[in-house]
Amino acid sequence: MFCRMFMATTSSALPSMSHPTISLTVPFTRNSLDTVRGALLDYATSTGLTSEPDPNESHAAILVPLCNVGGVPGILLEVRGNLRSHPGEELNYSFPGGKVDKADSSFLAAALREVHEEVGVPPGRVDILGRLGPPERSLKGLRVWPYVGFVYPPGTASPDQEPDVPLPSLSVNSLVVSPPEVAAVFHLPLSALACQTRLKSSLFRASRPYWTIDVSDLVPQRVQTRGDIDHNLVEKTAGEKLEVWGLTGWYLSLIMEALGISIWNTRGQDQG
């Protein structure tokens with residue numbers, strides 16, 4: 001997909017951006033992860049991110065997994081395994097995560113447990129950088145608490161890494177997905193978050209502006225569905241446009257805002 005990356009004029013309905021706090025094309029380094037930590041902390045401070053859990057609500061926790069893949073910085077996304085059974089139905093995308101169990105020591109522990117269960121990455125390979133928010137309620141009624149972390153390949157999480165040396169790249173094919181829950185995992189490059197041809201303005205919960213993101217060329221051509229013991233794979237329909245939207249799209253928009261890599265565009269506001 002051809003992309004023209006730009007910073008556009010801002011709307012009063014959307015936050016004003018200046019320039020990205022990190023490179024969209026240079027691999028993550030220890031220094032850039034520290035920059036992300038600082039940006040998330042600044043974002044939490046500026047947005048008053050002080051929400052406390054309501055004991056009367058049910059809660060879930062997710063991880064926004066940053067990583068390098070093939071020397072390209074980006075974010076891992078899942079194609080959910082239980083939300084499409086034949087061509088024509090909409091594929092559903094999410095970050096790793098799920099409902100907080102009573103046995104979980106914290107919401108963060110729940111997110112890390114789910115990452116391990118869904119894509120086979122143990123907690124020791126995740127460097128937690130901060131959190132987003134405030135937590136939103138999912139369509140299933142769960143209050144979803146998002147965390148951000150960097151995922152290392154096996155055996156490479158070393159504190160001795162030089163600050164400006166690119167961190168090791170993860171092989172998406174090496175991830176061990178849980179077929180009942182996850183059909184596939186794919187890598188969304190950071191540069192895609194500033195790609196004019198991928199983004200479309202919309203309204204989250206019919207009221208708050210955010211971006212949906214076209215990932216048609218990034219999702220594996222064939223994905224496995226729930227209960228597919230015989231490996232009967234579902235193919236994408238030719239020419240099908242696949243978008244990340246809803247709560248996942250909302251949290252992607254928040255991290256775009258926190259890192260200053262969004263392109264809040266007044267020209268697209270009437271498209272939502």
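Data block above holds the structure.
Residues numbered from 1 in each chain as written. Predicted model: local features only at pLDDT ≥ 70, side-chain atom pairs only at ≥ 80, totals over all residues. Heavy atoms only, no water.

Visitor: Could you clarify how one ought to interpret the packing of aromatic side chains in this entry?
Guide: By convention here, two paired aromatic rings are described through the distance between centres and the angle between planes. For the structure on display, the rule yields 7 aromatic pairs. With centroids separated by 5.1 Å and ring planes inclined at 45°, the aromatic side chains of Phe107 and Trp145 adopt a geometry described as tilted. In this pair, Phe107 is assigned in helix H2 (residues 107-119) and Trp145 in strand S7 (residues 142-151), connecting sequence segments 38 residues apart. Members of the aromatic cluster, connected to one another through ring pairs, are Phe28, Phe150 and Tyr152. (Phe/Tyr/Trp six-rings, centres within 6.5 Å; stacked < 30°, edge-to-face > 60°. Helix = DSSP H or I, 4+ residues; strand = E, 2+ residues; numbered from the N terminus.)

Visitor: Please clarify how unusual backbone geometry should be interpreted in this entry.
Guide: In most cases, non-glycine residues show a negative phi, while peptide bonds are predominantly trans. The omega torsion of the bond from Gly133 to Pro134 falls at 5°, within 30 degrees of zero and hence cis. Secondary-structure assignment places Pro134 in the loop between strand S5 (126-131) and strand S6 (136-137). One non-glycine residue, Arg205, lies in the positive phi region at around 55°. Within the secondary structure, Arg205 is located in the loop between strand S9 (199-204) and strand S10 (208-214).

Visitor: Is there a simple way to think about the nonpolar core in this case?
Guide: The biggest cluster of nonpolar side chains holds 52 residues, and the ones touching the most others in it are Leu66, Ile75, Leu132, Val215, Leu252 and Ile255. Within the residue set of this core, elements represented by two or more residues are helix H1 (30-46), strand S1 (58-69), strand S2 (72-80), S7, strand S8 (182-189), S9, S10 and helix H3 (246-258). Membership of the second largest hydrophobic core comes to 22 residues, among which are Leu63, Val119, Val126 and Leu170. (Core = buried A, V, L, I, M, F, W, Y, C linked by side-chain atoms within 4.5 Å. Buried < 20%, exposed > 50% of the residue type's maximum accessible area, 1.4 Å probe, protein only.)

Visitor: In this structure, what is going on with the pattern of salt bridges? I would like to understand it.
Guide: Oppositely charged side chains can pair when the atoms bearing their charge come close. Scanning the entire structure with this criterion turns up 13 salt bridges. Here Arg80 makes a salt bridge to Glu118, at a shortest N to O gap of 3.4 Å. Taken together, the residues span a long stretch of sequence, with Arg80 in strand S2 and Glu118 in helix H2 at a distance of 38 residues. Here Arg80 matches Glu118 in class, with each residue buried. Three or more residues joined by partner-sharing salt bridges are found here, namely Asp101, Asp104, Arg113, Glu114 and Glu117. (Salt bridge = Lys/Arg side-chain N within 4 Å of Asp/Glu carboxyl O.)

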